[in-house]
Amino acid sequence: MNILPEQATNHKVSLAEILQSRESRQKRQQNWLASCQTTIVSLTMVVPGEVKDSTIARRAFNLAWQALETLCRARGWQVINREVFCLPTGPEGLLAVNQPADVVKQACVECEQHSPIGRLWDIDVISERGIISRQAIGMAPRQCFVCQRDARICARERAHSIPALHDAMEALFHDAEIN
């Protein structure tokens, strides 16, 4: 279920659009949780700046989606439902997986960590208790892809310029293509 990178909108989005998209995503997640009554995996991309639906974001999304599908097959997990959304605020995907949320979160974090571009993926795992954090399963917080500090601190402090973040993102993707 690949999305076409060449159809990226490259549209600059406003803060209001990002906030509306986040709210819509949370509603979708809750609807899926209620209807599927199992663990939900929500995939989005880490894309700094105003353009969220770009060629590189879609290519990274496709690699992440393939990694999640491969993970589910390799573990023998039953996928109850799956859907991909191509939005101006970036590609998103949902999977309903019939497995305990803690087990799924652990596997998804390992998947992110083992991919050269996994740092560009934001894989949330949601149960009836809410989003399962890395800390809840005893793992360190996500690292900044520029300086390796806690990403939340760098984001809060706006420690890196948008061009520096884009350069680091493109370098991750380029390194992944070479390997």
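Described in the following lines is the structure provided in the data block. All values derive from a computational prediction rather than experimental measurement.

The rules behind the values
- Residues numbered from 1 in each chain as written.
- Predicted model: local features only at pLDDT ≥ 70, side-chain atom pairs only at ≥ 80, totals over all residues.
- Heavy atoms only, no water.
- Helix = DSSP H or I, 4+ residues; strand = E, 2+ residues; numbered from the N terminus.
- Rg over C-alpha atoms; globule rule 2.2 N^0.38 Å.
- Buried < 20%, exposed > 50% of the residue type's maximum accessible area, 1.4 Å probe, protein only.
- Contact = heavy atoms within 4.5 Å.
- Areas by Shrake-Rupley, 256 points an atom, 1.4 Å probe, with all protein chains shown as cover.
- Lys, Arg positive; Asp, Glu negative; His and termini not counted.
- Charge placed at Lys NZ, Arg CZ, Asp CG, Glu CD.
- Salt bridge = Lys/Arg side-chain N within 4 Å of Asp/Glu carboxyl O.
- Axes fitted to C-alpha atoms, helices over the stretch in contact; angles between N-to-C directions.
- Parallel < 35°, antiparallel > 145°, perpendicular 65-115°, else oblique.
- Left-handed = near helix turned anticlockwise from the far one by under 90°.
- Nonpolar A, V, L, I, M, F, W, Y, C, P; charged D, E, K, R; others polar.
- Pairing = 2+ DSSP bridges.
- Phe/Tyr/Trp six-rings, centres within 6.5 Å; stacked < 30°, edge-to-face > 60°.
- Lys NZ or Arg CZ within 6 Å of the ring centre and 35° of its normal.

1. Considerations on the overall build of the chain
Then comes step 1: Counting secondary structure elements, the chain contains five helices and five strands.
Then comes step 2: Along the chain, from the amino end to the carboxyl end, the secondary structure elements read α-β-α-β-β-α-β-β-α-α.
Then comes step 3: Computed over the C-alpha atoms, the radius of gyration of the chain is 16 Å, within 12% of the 16 Å expected from 2.2 N^0.38 for a compact globule of 179 residues.
Then comes step 4: Counting only C-alpha atoms and orienting by the principal axes, one finds that the chain spans roughly 40 × 30 × 30 Å.
Then comes step 5: Buried positions account for 47% of the 179 residues belonging to the chain.
Then comes step 6: For the chain, restricting intrachain contacts to residue pairs at least 6 apart in sequence, the fraction spanning at least 24 positions comes to 69%.
Then comes step 7: A total accessible area of about 9,400 Å² is found for the chain, and carbon and sulfur atoms account for 51% of it.
Then comes step 8: Between the centroid of the 20 positive side chains of the chain and the centroid of its 20 negative side chains there is a distance of 3 Å.

2. Some words on the pattern of salt bridges
Then comes step 1: By the definition in use, this model includes 13 salt bridges.
Then comes step 2: The closest approach of N and O atoms between E50 and K12, which form a salt bridge, is 3.9 Å. Of this pair, E50 sits in the loop between β1 (39-45) and α2 (55-75) while K12 sits in the segment before α1 (15-36), and the two are 38 residues apart along the sequence.
Then comes step 3: Accessibility expressed as a relative area gives 47% for E50, which makes it partly exposed.
Then comes step 4: Taken together, the shared-partner salt bridges in this structure form one network comprising E112, D122, R134 and R142.

3. A closer look at the packing of α2 against helix α3 (residues 101-114)
Then comes step 1: Where α2 meets α3, the axes come as close as 11 Å, and the angle between the chain directions of the two elements is 130 degrees. In terms of orientation, α2 lies oblique with respect to α3. The two elements α2 and α3 meet at a crossing, and its hand is right-handed. Residue-level inspection shows A67, L68, L71 and R75 of α2 in contact with α3, the latter providing A107, C108, E110 and C111.
Then comes step 2: Its residues assigned to classes, the contact of α2 with α3 comprises six nonpolar, no polar and two charged.

4. Let's talk about the pairing of strand β2 (residues 79-85)
Then comes step 1: Bridge count for β2 against strand β3 (residues 92-97) is six bridges, and the pairing is antiparallel. Each bridged residue has a counterpart across the sheet, and for V84 the counterpart in β3 is G93.
Then comes step 2: Remark: six residues form the turn of the hairpin made by β2 and β3, two consecutive strands paired antiparallel; G90 in that turn has positive phi of roughly 115 degrees.

5. Thoughts on the sheet that holds β2
Then comes step 1: Strands sit in the order β2-β3-β1-β4-β5 across an open sheet of five strands; the sheet is antiparallel. Strand pairing shows two members of the sheet lacking a second neighbour, β2 and β5 (130-131), which therefore form its edges.
Then comes step 2: As paired strands, β1 and β3 are joined by five bridges and run antiparallel to one another. When the bridges of β3 are listed, T39 appears paired with V97.
Then comes step 3: Running at roughly 20 degrees to β3, α1 makes contact with β1, β2, β3 and β4 (121-127) of the sheet.

6. Focus: the packing of aromatic side chains
For any two aromatic rings, the description comes down to two numbers: the centre-to-centre distance and the angle of the planes.
Then comes step 1: Under the defined criterion, the tally for this structure stands at one aromatic pair.
Then comes step 2: Seen from the ring of F85, R28 lies directly overhead, with NZ or CZ sitting 4.4 Å from the centre.

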